[in-house]
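Chain and residue survey
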Amino acid sequence: MAKKPARQYGCTACGAVHAKWAGQCDACQEWNTLEELPVEPLAASSAARAVPGRRVKLEALQGVVQPPPRVRSGIAELDRALGGGLVPASVVLVGGDPGIGKSTLLLQAASRLAEQGERVLYISGEEAVDQIRLRARRLGVEGAKLELAASINVADIIATAEAEADVRVVVIDSIQTMWLETVESAPGTVSQVRACAFELIRSAKRRGFCLILVGHVTKEGALAGPRVLEHMVDAVMYFEGDRGHQFRILRAAKNRYGATDEIGVFAMTDRGLEEVSNPSALFLAERRGNIAGSAVFAGLEGSRPVLLEVQALLSPKGGDGAPRRAVVGWDSGRLAMLLAVLETRCGLKLSGMDVYLNVAGGLKVAEPAADLAVAAALVSAATGVPTSPGAVYFGEVGLSGEIRQVAQADSRLKEAAKLGFTQAVLPRRVARGSAPARPPEGLTLRESGHVSDLVSPDAQGE
Ligand code: TYD
Ligand code: MG
């Protein structure tokens, strides 16, 4: 009764299994790679009908490695964050808060690519074609030969992208609006977002175009946001910044084809995003020169380094009540502790002062590593001596005033060097000789063991 087992053919290049032999594998487009698979007689029970495994070809570790080809977008900051440009058949997820500028960035990038003669499809599930046209006019890119569509139907989008062989880039804005008929849930739900992304990614891999997915980070812990897609895509870029401020950072959180610590910096203007090729200039300009009470903190947001300016202002206490302690972007309990440490361990007179502390840019800092930068800002405000404009600070401060190690000093230093800073004040290494502190180029390290070094920097032994 057992049926004759069906023949199957496997591709030696990509592993796809086909029912019929063909000269070309239609999964990976390789020629002459299909081989008949050995088939065991079918077992009576269908549960045992697993496809038999094949020996995979084992390779030597050494070999010629070709760098992946790149399609440059023409926006240097974007290409830099991507690790040199888009890689054909790769999938990039661009995440960020609503309104941060994702559509603006991608419309600009897509237009640049189209101007270079690449065939680019820009599919929006959020805006009508007219709205995109208006935006393009505002951005001054309306002359680009970009192909637009407003659609949320993934099957239609794939059919459109695959109808032409020369499509190089497909932008989907946003994945949360996309919809697959076969999935019985609303757009934006985890299952719909995953299934849509899966189909689009398969199409990109099959046809070799670059796929750029926009994903909104939702406030509620990014439930159906970019997080559920991170493992499916080749690169994840987060577009960050404060909407009240003009600077934006495009940061690689994952990149199979490049480093994850690359960032691109932009400024949002009334004509779209402008590249900031010298980010330190932007950050230092925001600091308004050499004013006492300001220090730059080399922090980490998750695994990602970020530089922030900490500002402190002291003024003699008004009235009879307790002095004011106003904090924006940091923990007020932590501020109280630092003030006490600075008073008792460094002899600063702060108890008669109102203290205002602000993390510029509207970001919230949760790390104890910010202690040293906050202390530096407070000391600078108390003494009237500005911190060095090229200096960054990081380190945790203990109750006896000692400065403690914090995680990922290297990536903080790298980020500081990347943004043009020249000096880092950081905790003293615990064991000399261990962890060789090799500062990135352009950065000198000033190791410090105690916060009192901030008050009398010349007294510290190098
Ligand atoms: P947008 O790209 O629509 O954000 P997202 O796609 O991430 O939701 O950008 C929205 C904001 O950017 C909006 O508040 C207006 C502002 N903007 C400018 O300041 N200048 C411009 O040229 C454009 C197009 C937008
Ligand atoms: Mg948008």
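Not measured: the values here are computed from a predicted model. (Residues numbered from 1 in each chain as written. Chains lettered and ligands numbered in written order. Predicted model: local features only at pLDDT ≥ 70, side-chain atom pairs only at ≥ 80, totals over all residues. Heavy atoms only, no water.)

Tallying secondary structure elements over the protein chain gives 10 helices and 21 strands in all. Across the 462 residues in the protein chain, those meeting the buried criterion constitute 45%. Intrachain contacts of the protein chain at a sequence separation of at least 6 include 65% that bridge at least 24 residues. As displayed, the protein chain offers around 23100 Å² of accessible surface, 53% of which is attributable to carbon and sulfur atoms. (Helix = DSSP H or I, 4+ residues; strand = E, 2+ residues; numbered from the N terminus. Buried < 20%, exposed > 50% of the residue type's maximum accessible area, 1.4 Å probe, protein only. Contact = heavy atoms within 4.5 Å. Areas by Shrake-Rupley, 256 points an atom, 1.4 Å probe, with all protein chains shown as cover.)

Two elements in contact, helix 7 (residues 332-346) and helix 8 (residues 371-383), have axes separated by 11 Å at closest approach and are oriented at 60°. Our classification of the angle between helix 7 and helix 8 gives oblique. Crossing hand, helix 7 versus helix 8: right-handed. Side by side, helix 7 and helix 8 meet where Arg334, Leu335, Leu338, Leu339 and Leu342 of the first sit next to Asp371, Val374, Ala375, Leu378 and Val379 of the second. Partitioned by chemical class, the residues of the contact of helix 7 with helix 8 number 8 nonpolar, no polar and 2 charged. (Axes fitted to C-alpha atoms, helices over the stretch in contact; angles between N-to-C directions. Parallel < 35°, antiparallel > 145°, perpendicular 65-115°, else oblique. Left-handed = near helix turned anticlockwise from the far one by under 90°. Nonpolar A, V, L, I, M, F, W, Y, C, P; charged D, E, K, R; others polar.)

A few words on the site of ligand 1. Lining the immediate environment of ligand 1, one finds 16 residues, of which Gly99, Ser103, Thr104, Thr269 and Gly272 sit closest. Gly101 places a main-chain nitrogen or oxygen 3.0 Å from an oxygen atom of ligand 1. One of the side-chain N or O atoms of Arg138 is found 3.2 Å from a nitrogen atom in ligand 1. Protein burial of ligand 1: of its 560 Å² of free accessible surface, 76% is covered by the chains. Only helix 2 (102-115), helix 3 (129-139) and strand 11 (263-269) provide two or more residues apiece to the shell around ligand 1. Looking at side-chain class alone, the shell around ligand 1 contains 4 nonpolar, 6 polar and 6 charged residues. (Near = heavy atom within 4 Å. Polar contact = N/O pair within 3.5 Å; in protein donor to acceptor, adjacent residues only side chain to side chain.)

Ordered in space as 2-1-3, the 3 strands form an open sheet in which the pairing is antiparallel. The open sheet terminates on both sides in strands that have one partner only, identified here as strand 2 (17-18) and strand 3 (34-36). Here 3 bridges tie strand 1 (residues 9-11) to strand 3, and the two strands are oriented antiparallel to one another. Within the sheet, the bridge partner assigned to Tyr9 lies in strand 3 and is Glu36. (Pairing = 2+ DSSP bridges.)

Enumeration over the complete set of coordinates arrives at 2 cavities of 30 Å³ or more. Forming the walls of the largest cavity are Arg70, Leu82, Gly85, Leu86, Val87, Ser90, Val92, Asp234, Ala235, Asn255 and Tyr257. Here the lining of the largest cavity is built from residues that sort into 6 nonpolar, 3 polar and 2 charged. Volume-wise, the second largest cavity comes out at about 40 Å³. Where the lining of the second largest cavity is concerned, the elements lending two or more residues are helix 1 (76-82) and strand 4 (91-96). Of the residues contributing to the lining of the second largest cavity, the split by class is 7 nonpolar, no polar and no charged. (1 Å grid on protein atoms, 1.4 Å probe; cavity = no way out; pocket = protein on both sides within 12 Å on 5 of 7 lines; lining within 4 Å. Points joined across faces, edges and corners; volume = space filled by probe spheres on them.)

Looking at where Arg112 falls in the secondary structure, it is placed in helix 2. Separated by 32 residues in the primary sequence, Arg112 and Ala144 have C-alpha atoms spaced 7.4 Å apart. If we ignore the near neighbours within four places in the chain, the residues touching Arg112 are Ser73, Gly74, Ile75 and Glu275. Among the polar contacts made by the side chain of Arg112, one reaches the main-chain carbonyl oxygen of Gly74 at a distance of 2.6 Å.

Within the sequence span of helix 4 (residues 154-163), burial applies to Val154, Ile157, Ile158, Ala161 and Glu162. The buried side chains of helix 4 occupy one side of the element, clustering within an arc of 120° when seen end-on. Its buried side turned inward, helix 4 meets strand 5 (119-124), strand 7 (167-173) and helix 5 (190-207). By the N-cap criterion, in which a side-chain oxygen at the helix start approaches the backbone nitrogen of a residue two or three places on, helix 4 is capped by Asn153, the distance to Ala155 being 3.0 Å. (Arc of directions from axis to C-beta.)

Overall, the coordinates contain 18 salt bridges when judged by the stated rule. Between Arg135 and Glu127 there is a salt bridge, and its shortest N-O distance comes to 2.4 Å. Relative accessible area serves as the criterion here: at 14%, Glu127 is assigned to the buried category. Each of Arg119, Glu147, Glu164 and Asp166 takes part in salt bridges that share partners, so that together they form one network. (Salt bridge = Lys/Arg side-chain N within 4 Å of Asp/Glu carboxyl O.)

Attention now moves to the environment of Glu35. Tracing the backbone shows Glu35 in strand 3. The spacing of Glu35 and His18 is 17 residues in sequence and 9.6 Å in space, taken between C-alpha atoms.

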